[in-house]
Amino acid sequence: MRGRGVTIVVHADGDLNTRQYRLPLWAFTAGKWTALVLGLMVVLFFAFAGPITRAAGRVPGLDREVARLREENSRVQQLAAALNRAEQNYQQLRAMLGVKAPVTRGGGGAGGGGGGTATPHNAEDLMRANDVAARAPGAPSRYETGPSAPSHWPLDVQGFVTRGQVRPGDPAESHPGIDIAVPIGTPVRAAGGGAVAASGTDPDYGLYVLLRHPDGYETMYGHASRLLVREGDAVQAGQVIALTGSSGRSTAPHLHFEIRREGRSLDPRTLVREGN
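Sequence order sets the numbering: in each chain, residues are counted from 1 along the sequence as written. pLDDT decides what is reported in this predicted model: residues at 70 or higher carry local features, side-chain atom pairs at 80 or more are listed and counted, and totals for whole chains, interfaces and linings draw on all residues regardless. The basis for every side-chain value is the complete set of heavy atoms in the structure, and neither hydrogens nor water enter the calculation.

**A look at the pattern of salt bridges**
Part 1 of the reasoning: Counted as salt bridges are all cases of a side-chain nitrogen of Lys or Arg within 4 Å of a carboxyl oxygen of Asp or Glu. According to the stated counting rule, one finds ten salt bridges in the structure shown.
Part 2 of the reasoning: Ionic pairing is found between E65 and R68, a salt bridge with its closest N-O pair at 2.3 Å. On the criterion of helical spacing, the pair formed by E65 and R68 is a turn pair, its members being three residues apart in helix α1 (residues 25-97).
Part 3 of the reasoning: In this structure, R142 and D156 form a salt bridge, with 3.6 Å as the shortest nitrogen-oxygen distance. One end of the pair, R142, is in the loop between α1 and β3 (160-163); the other, D156, is in the loop between α1 and β3, with 14 residues separating them in the sequence.
Part 4 of the reasoning: For every residue, the accessible area (1.4 Å probe, protein chains only) is compared with the maximum for its type, and the residue is labelled buried under 20%, exposed over 50%, or partly exposed between those bounds. We classify R142 as partly exposed; its relative accessible area is 41%.
Part 5 of the reasoning: Classification of D156 by relative accessible area gives partly exposed; the value is 40%.
Part 6 of the reasoning: Salt bridges here are not isolated pairs; linked through shared partners, they connect R212, E218, E258 and R260. Per the convention used, a helix needs a DSSP run of H or I reaching at least four residues, while a strand needs a run of E reaching at least two, with both numbered from the N terminus.

So this is what it looks like as structure tokens:
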């Protein structure tokens, strides 16, 4: 008995002859499923080929976007570095102006460096302009001209003497001169006419000016925030030589003021008085 099969008859239009092709049933079934699988593969190919092709087309654009983002990230890092530098400069400026955290208690510094003051200081206070007392037209100046012995108070504003002259005895308590608490940026005036013997920075005095006057007198002005004269300059009595601060060994803004004669420290309040 012949196996079951499938006969395919091919008849061409206008031709009396026909052609017959007989296939085994298993071959026809295999061919049918093969055709279906191939058709399905073709459909899936076109279904997925489109997105893949479009994604491949976007790759150059994505590369450009990644390059742009990297460039922006580099700029952000540069800006962050610039902000860090600006913050450091700001902190240095605050330190120069003497803006510090509030001081709840404190004591003067030890030794001949002038010491510190215990006056509390508000960290939010910045340098402020001070009142200027104008001299009436034609009124004589209270300051003499030329070299002169120290006889004038070095500040225009009213200050508070937080530490006075302490005679040498216990080296830890010795304190030449006086400390006058005043706001940062207060003008410091020469107590007498003379020459700048030295000016600069000292670990104890901070920014300081040392003036040399006639008759062996010298005056020292310490803990300034800014110096306005240099070594060798000639200054007149009453000339502004510095601005007060809290540099060196200090806990709050103040002026350290000394008067010396022949190398011996004198109590400034025996020679000058406030308002003179």
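Next comes the rest of the description.
**Quick look at the pairing of strand β7 (residues 206-212)**
Part 1 of the reasoning: Taking burial as the measure, the seven residues of β7 include five buried ones, the bulk of the element.
Part 2 of the reasoning: In textbook terms, the turn of a hairpin is the stretch between consecutive antiparallel strands, and for strand β6 (residues 194-202) and β7 this stretch comprises three residues.
Part 3 of the reasoning: Strands were regarded as paired on the criterion that DSSP finds at least two bridges between them. Adjacent in sequence and paired antiparallel, β7 and strand β8 (residues 217-227) are bridged by four residues, among which D215 carries a positive phi angle near 60°.

**Digging into the side chain of S148**
Part 1 of the reasoning: Inspection of the secondary structure assignment puts S148 in the loop between α1 and β3.
Part 2 of the reasoning: For S148, a relative accessible area of 10% puts it in the buried group.
Part 3 of the reasoning: A polar contact is formed between the side chain of S148 and the backbone nitrogen of G193, at a distance of 2.9 Å.
Part 4 of the reasoning: What S148 contacts, discounting residues up to four positions off in sequence, is G192, G193, H213, P214 and A237. Whenever two N or O atoms come within 3.5 Å, that pair is a polar contact, provided that in protein one can donate a hydrogen and the other can accept it, and provided that, for residues adjacent in sequence, both atoms are side-chain atoms. The criterion used for residue contact is that any of the two residues' heavy atoms lie within 4.5 Å.

**Let's talk about unusual backbone geometry**
Part 1 of the reasoning: Residues other than glycine seldom take positive phi values, yet H223 does so here, at roughly 65°.
Part 2 of the reasoning: Checked against the element boundaries, H223 lands in strand β8.
Part 3 of the reasoning: Positive phi, close to 55°, is recorded for E262, a residue that is not glycine.
Part 4 of the reasoning: On the secondary structure map, E262 appears in the loop between β11 (255-261) and β12 (264-266).

**As for the nonpolar core**
For soluble globular proteins, the rule of thumb is that nonpolar side chains tend to be buried together.
Part 1 of the reasoning: Residues belong to one nonpolar core when they are buried, are Ala, Val, Leu, Ile, Met, Phe, Trp, Tyr or Cys, and are joined through side-chain atoms within 4.5 Å. Judged by nonpolar contacts, the single largest core of 24 residues is most densely connected at L211, Y221, I241 and F257.
Part 2 of the reasoning: Elements with a minimum of two residues in this core: β4 (178-181), β7, β8, β10 (240-244) and β11.
Part 3 of the reasoning: Excluding its chain neighbours within four sequence positions, the residues that come into contact with I241 are V188, A190, V209, L211, Y221, L227, L228, V229 and V235.
Part 4 of the reasoning: Among the nonpolar cores identified, the runner-up in size contains six residues, and A198, Y205, Y208 and L210 belong to it.

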